[in-house]
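Here is how the chains run, residue by residue.
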Amino acid sequence: MSIHFNVPSTVIAGAGAVRELAPQLQRRGVARVLLVTDAFMVSSGVVARVSEDLSVAGIAVEVFADVQPDPSEENVLAGFQRLQASGAQAVVALGGGSPIDCAKVISVLPNNPPPLSRFMGRHKVPNAGLPLFAIPTTAGTGSEVTKVAVITDTARDVKMMMLDAHLLPAVALVDYELTLTMPPALTAAVGVDTLTHGIEAYVSRQASALTDPLALSCIRLCGEWLETAWREPAHRAAREGMMLAATQGGMAFANSSVALVHGMSRPIGALFHVPHGISNAMLLPTITRYSIPGALTRYATVARVLNWARSADSDETAAQILGEGLEALNRRLQIPRLRDHPKLHETRFRSSLEKMASDALASGSPQNNPVVPDVAEIVRLYEAAW
Ligand SMILES: [Fe+2]
């Protein structure tokens, strides 16, 4: 079977990469953009800095800063209205995964009318949209290099996963200097999301010769730099390492796939509004232990690449070390268990288990896991992780 591999046509990575935005827009003859971002990016001054750069270059900017965490269908449609009113020729996304995902869907709407539910699933966006220029400010979701967007359908409490090459940014500007002020709790949440991307891309049934090296490098960089970035926010080498990990993890999982952790994590986010990286982290040790029998050697390799197991350890020993190591990592990064998370209430959690399990299966991600569970097994795994 042939390998399909999609990444942005241009990725510019490194200190100061954000200053390449105006030249990249000019190369493509863009004179007017919609900048999709959130209130934090406005208050932190980054939006003003980017807008100023564009104005100096003669590019008109309309700012849409109303994106919420876990962006909803309403967010996207409001941004689309602004796009139409502004006459923008391209979309710029600035922020974490939420603004970038929101911008992806806004950018395709001119040529693919709503409702958004018709884009849910794989390859459901028929036509290309406006060119998208993505600038991540967390490290991260990797959304700047992926063809995936997750938009919440608030009426049904479902996170709609959309995967289509038409959602792919044309240009990603990956500047780790934008992450130097990220607080430790956010660094932990997005960093464990990155590690989960690397691990799930590597153990996925869709893993390939083009995604494995990226996934393993992502995992290695997380092992080297995640805890340093968490302890010392201004540590430049750690921030650069985590930004590269996020980008590589994104390239890997978007062309392999995520698996059971992401599948079970999205329903927790949709119902309880737990940040994406945290809900992944809380599930990762339990799901890893469950999945090891389906990909023992690969999980053992992950433990060795993280430098947690030695090359002399047997695969069984290394994989066991991985499960314990992921739990210990959560404790060191002060990520709670599900039962201790302030947004999770036991009664509602237990009464939602059937819905969460069937929504998880319906997303398609669990089917790429080394061990594929049914609804009853997913319910048991939620209970085990609790
Ligand atoms: Fe993720």
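Keep in mind it's a predicted model, so treat the numbers as computed, not measured.

This part is about the layout of surface pockets. Estimates place the volume of the second largest pocket at around 390 Å³. Contributing to the lining of the second largest pocket are 18 residues, with Ile3, His4, Arg122, Gln206 and Asn255 lying nearest its centre.

So, on to empty space enclosed by the protein. Think of a ball as big as a water molecule: rolled over the atoms, this probe shows where empty space is left. According to the stated counting rule, one finds one cavity of 30 Å³ or more in the structure shown. A volume near 40 Å³ is recorded for the largest cavity. If you go around the largest cavity, the residues you meet are Ile199, Glu200, Val203, Val261, Leu284, Ile287, Thr288, Ser291, Tyr299 and Asn369. Taken together, the elements giving at least two residues each to the lining of the largest cavity come down to α6 (184-203) and α10 (276-291). Sorting elements by how many residues they give to the lining of the largest cavity places α10 first, with four residues. For the lining of the largest cavity, the per-class residue count stands at six nonpolar, three polar and one charged.

Right, let's talk about the coordination of the iron ion for a bit. Asp193 (OD), His197 (NE2), His262 (NE2) and His276 (NE2) make up the full set of protein donors to the iron ion, lying at 2.1 to 2.2 Å. The motif formed by the donor residues of the iron ion, counted along the single chain, is D-x3-H-x64-H-x13-H. In this pair, Asp193 sits in helix α6 while His262 sits in helix α9 (residues 260-272), placing the two residues 69 residues apart along the sequence. Exposure remark for Asp193: the relative accessible area of 2% places this residue in the buried category.

Calculation rules
- Residues numbered from 1 in each chain as written.
- Predicted model: local features only at pLDDT ≥ 70, side-chain atom pairs only at ≥ 80, totals over all residues.
- Heavy atoms only, no water.
- 1 Å grid on protein atoms, 1.4 Å probe; cavity = no way out; pocket = protein on both sides within 12 Å on 5 of 7 lines; lining within 4 Å.
- Points joined across faces, edges and corners; volume = space filled by probe spheres on them.
- Helix = DSSP H or I, 4+ residues; strand = E, 2+ residues; numbered from the N terminus.
- Nonpolar A, V, L, I, M, F, W, Y, C, P; charged D, E, K, R; others polar.
- Donors = N, O, S within 2.8 Å, 3.2 Å for Na, K, Ca; no water.
- Buried < 20%, exposed > 50% of the residue type's maximum accessible area, 1.4 Å probe, protein only.

Everything listed here is a matter of geometry and, on its own, says nothing about what the molecule does.
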